[in-house]
Amino acid sequence: MRSVIITGVDRVEWAEVPEPEVGPRDVLLRVRACGICGSDAMYASVGGFPPHQGAMPLGHEPAAEVVEIGAEVTGIEVGDHVVVDTMRFTDGLLGSGGAQGALTELVLVKDHEPGVQLRSIPKEIPWHVAALNEPMAVAHHAVNRSGAKAGDRAVVFGAGPIGLGATISLKAAGVEHVVVVDIQPSRLRVALEVGADAVIDSSTEDVAERLIALHGEATDALGNGGKAGSDIYIDAAGAPVVVQSMLRLAKHRAVVTIPAVHKKPVEVDFGAILSQELDIRMAMGYPTEIFEVTDAIIAHADKYAKIVSHELPFERALEALELAKTPGAADKVVVVFD
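Notes on the structure in this doc start here.

Calculation notes
Residues numbered from 1 in each chain as written. Predicted model: local features only at pLDDT ≥ 70, side-chain atom pairs only at ≥ 80, totals over all residues. Heavy atoms only, no water. Phe/Tyr/Trp six-rings, centres within 6.5 Å; stacked < 30°, edge-to-face > 60°. Helix = DSSP H or I, 4+ residues; strand = E, 2+ residues; numbered from the N terminus. Buried < 20%, exposed > 50% of the residue type's maximum accessible area, 1.4 Å probe, protein only. Lys NZ or Arg CZ within 6 Å of the ring centre and 35° of its normal. Pairing = 2+ DSSP bridges. Axes fitted to C-alpha atoms, helices over the stretch in contact; angles between N-to-C directions. Contact = heavy atoms within 4.5 Å. Disulfide = S-S within 2.5 Å. Expected span 1.5 Å × (residues − 1). Patch = residues over 30% accessible without salt bridge, like charges linked within 9 Å, V, L, I, M, F, W, Y side chains within 5 Å. Areas by Shrake-Rupley, 256 points an atom, 1.4 Å probe, with all protein chains shown as cover. Salt bridge = Lys/Arg side-chain N within 4 Å of Asp/Glu carboxyl O. Core = buried A, V, L, I, M, F, W, Y, C linked by side-chain atoms within 4.5 Å. Parallel < 35°, antiparallel > 145°, perpendicular 65-115°, else oblique. Left-handed = near helix turned anticlockwise from the far one by under 90°. Nonpolar A, V, L, I, M, F, W, Y, C, P; charged D, E, K, R; others polar. Polar contact = N/O pair within 3.5 Å; in protein donor to acceptor, adjacent residues only side chain to side chain.

What about the packing of aromatic side chains?
- Inspection of every chain in the model, using the stated rule, returns three aromatic pairs.
- The interplanar angle of 90 degrees and the centroid separation of 5.1 Å between the aromatic rings of Trp14 and Phe314 together place this pair among those described as edge-to-face. Pair noted here: Trp14 is in strand S2 (residues 11–16) and Phe314 is in the loop between strand S17 (310–313) and helix H11 (317–325), with a separation of 300 residues, a long-range link.
- You can call Phe314 buried: its relative accessible area is 5%.
- Grouping aromatic residues by their ring pairs yields a cluster made of Trp14, Phe314 and Phe337.
- Positioned above the aromatic ring of Trp14 is the side chain of Arg2, whose terminal nitrogen or guanidinium carbon lies 4.5 Å from the ring centre.

Re the sheet that holds strand S11 (residues 198–201)
- Overall, parallel pairing links the six strands, which are arranged S11-S10-S9-S14-S15-S16 in an open sheet. With one partner strand each, in any of the chains shown, S11 and strand S16 (279–282) form the two edges of the open sheet. Across the sheet, the mean angle separating the axes of adjacent strands is 20 degrees when strand polarity is ignored.
- Of the strands in this sheet, strand S9 (153–157), strand S10 (177–182) and strand S14 (232–235) are in contact with helix H4 (residues 161–172), which crosses S10 at around 175 degrees.
- Contacting S10 and S11, helix H5 (residues 185–193) runs over the sheet at an angle of about 170 degrees to S11.

Structural notes on the state of the cysteines
- Taken as a whole and judged by the stated rule, the model has zero disulfides.
- Not part of a disulfide, Cys34 finds its nearest cysteine sulfur in Cys37, a span of 9.8 Å.
- On the basis of relative accessibility, which here comes to 0%, the residue Cys34 falls in the buried class.

Focus: H4
- For H4, which comprises twelve residues, the first-to-last C-alpha distance of 17 Å matches the rise-based estimate of 16 Å (1.5 Å per residue) to within 8%.
- Every buried residue of H4 is listed here: Pro161, Gly163, Leu164, Gly165, Ala166, Thr167, Ile168, Ser169 and Leu170.
- For H4, the elements touching its buried residues are helix H3 (133–146), S9, S10, H5, S14 and helix H10 (301–305).
- Residue Gly174 follows H4 closely and has a positive phi angle near 90 degrees.

Notes on a nonpolar patch on the surface
- Judged by side-chain polarity, Phe49, Met87 and Leu93 come together as a nonpolar surface patch covering roughly 260 Å² of accessible area.
- Mapped onto the secondary structure, Phe49 falls in the loop between helix H1 (38–45) and strand S4 (56–57).

Some points on the pairing of strand S7 (residues 106–109)
- The alternating pattern of S7 places Leu106 and Leu108 and Val107 and Val109 on opposite faces, both of which are buried.
- Pairing of strand S3 (residues 27–35) with S7, which is carried by four bridges, proceeds in the antiparallel orientation. Paired with Arg30 across the two strands is Leu106, which belongs to S7.

Things to note about the nonpolar core
- Leu170, Val180 and Tyr304 are the most contacted members of the largest nonpolar core, which totals 45 residues.
- With five residues, H3 is the largest single contributor of residues to this core.
- Leave out the neighbours within four places in its chain, and Tyr304 touches Val129, Leu132, Met136, Ile168, Val293, Ala296 and Ile297.

Some remarks on the packing of H3 against H4
- Contact pair H3 / H4: the axes reach a minimum separation of 8 Å and the direction vectors enclose 55 degrees. Judged on the interaxial angle alone, H4 and H3 are oblique. As for the relative orientation of H3 and H4, their crossing is right-handed in sense. Contacts between H3 and H4 involve Pro135, Met136, Val138, Ala139, His140 and Val143 from the first element and Pro161, Ile162, Gly165, Ala166, Ser169 and Leu170 from the second.
- Of the residues belonging to the contact of H3 with H4, the class tally is nine nonpolar, three polar and no charged.

So, the pairing of S3
- Of all nine residues making up S3, eight are buried, and the element is well covered by its neighbours.
- Pairing between S3 and strand S5 (residues 62–69): seven bridges, direction antiparallel. Directly across from Ala33, in S5, lies its bridge partner Ala63.
- As paired strands, S3 and strand S18 (residues 333–336) are joined by three bridges and run antiparallel to one another. For Cys34, the partnering residue across the bridge sits in S18 and is Val335.

A look at the pattern of salt bridges
- Counted according to the given criterion, the structure contains 16 salt bridges.
- Between Glu205 and Arg210 there is a salt bridge, and its shortest N-O distance comes to 2.7 Å.
- Since its relative accessible area comes to 27%, Glu205 is described here as partly exposed.
- Assessed through its relative accessible area of 26%, Arg210 is described here as partly exposed.

With respect to the side chain of Asp182
- Locating Asp182 in the fold gives a position in strand S10.
- Side-chain polar atoms of Asp182 contact the backbone nitrogen of Ala159, separated by 2.7 Å.
- When neighbours within four sequence positions are excluded, Asp182 is seen to be in contact with Gly158, Ala159, Gly160, Arg187, Leu188, Ile200, Asp201 and Ser202.

Here it is as structure tokens:
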């Protein structure tokens, strides 16, 4: 069968690999859709993960159908539609340095444990929407890390998939008012469609002025004004200027949460923010959230579908990877299988 594999630095190619053999405790999945993540391009740029490992299979955002189960498997049936915890495979992280990737026709879940690697979903959920489960769990974990609660006011920088997913999760947590900041009007339109209360185009608007107008003016611990009244800040953009803007604007004891991947060091003046007594929290992966977010996707599939900007067939998977890594060309690309 065909699989998309990193074969060297900035080299991603098709490869023929053997079909998996199903053991008594294994589940065989036919991949039906697989999202493209920014980390796929990052892995390719360094020749694999860990760097330069070579021959690394790609794809870690799958939705799939169960096509065969071993004799000892319980809790799942042939024909089930499933979402996948790619971090719980016994042969390594699926598509992130493990033995398998999801940009292929068949994936084998070895040593299946009920409720651990797979969760069944209703068959009416479109495959391209189900494939959002993994990145939406990342966004949901960022919201959980932020401690956002009912009545809070939040601002999300970046209206890509993680920022949009965080917006949905913030509103589901009862956050009173969510502002999304981006430089692309098309992304900001989608942010409003998925539940943002207001948006700011930072290419044409003064973010500080608009945010203070929306969330009120606040102070630091010494009573110095000019701070926004936002309780929660989420960096889903990954640009140094975003971190610096958040730290400059944040009020006394606001929470700044960073799920974005920063590729370069970010300069922070800790002396300047001392009087703000900020909580700065990093958020990575989805320790518990992978199937927590599934209920939201099931309940609001139409809303999550707005996050997907492009669907390409499996035979165009290499093109999908190029499209996803080209700045401004696409927001969320999903590869769909026949």
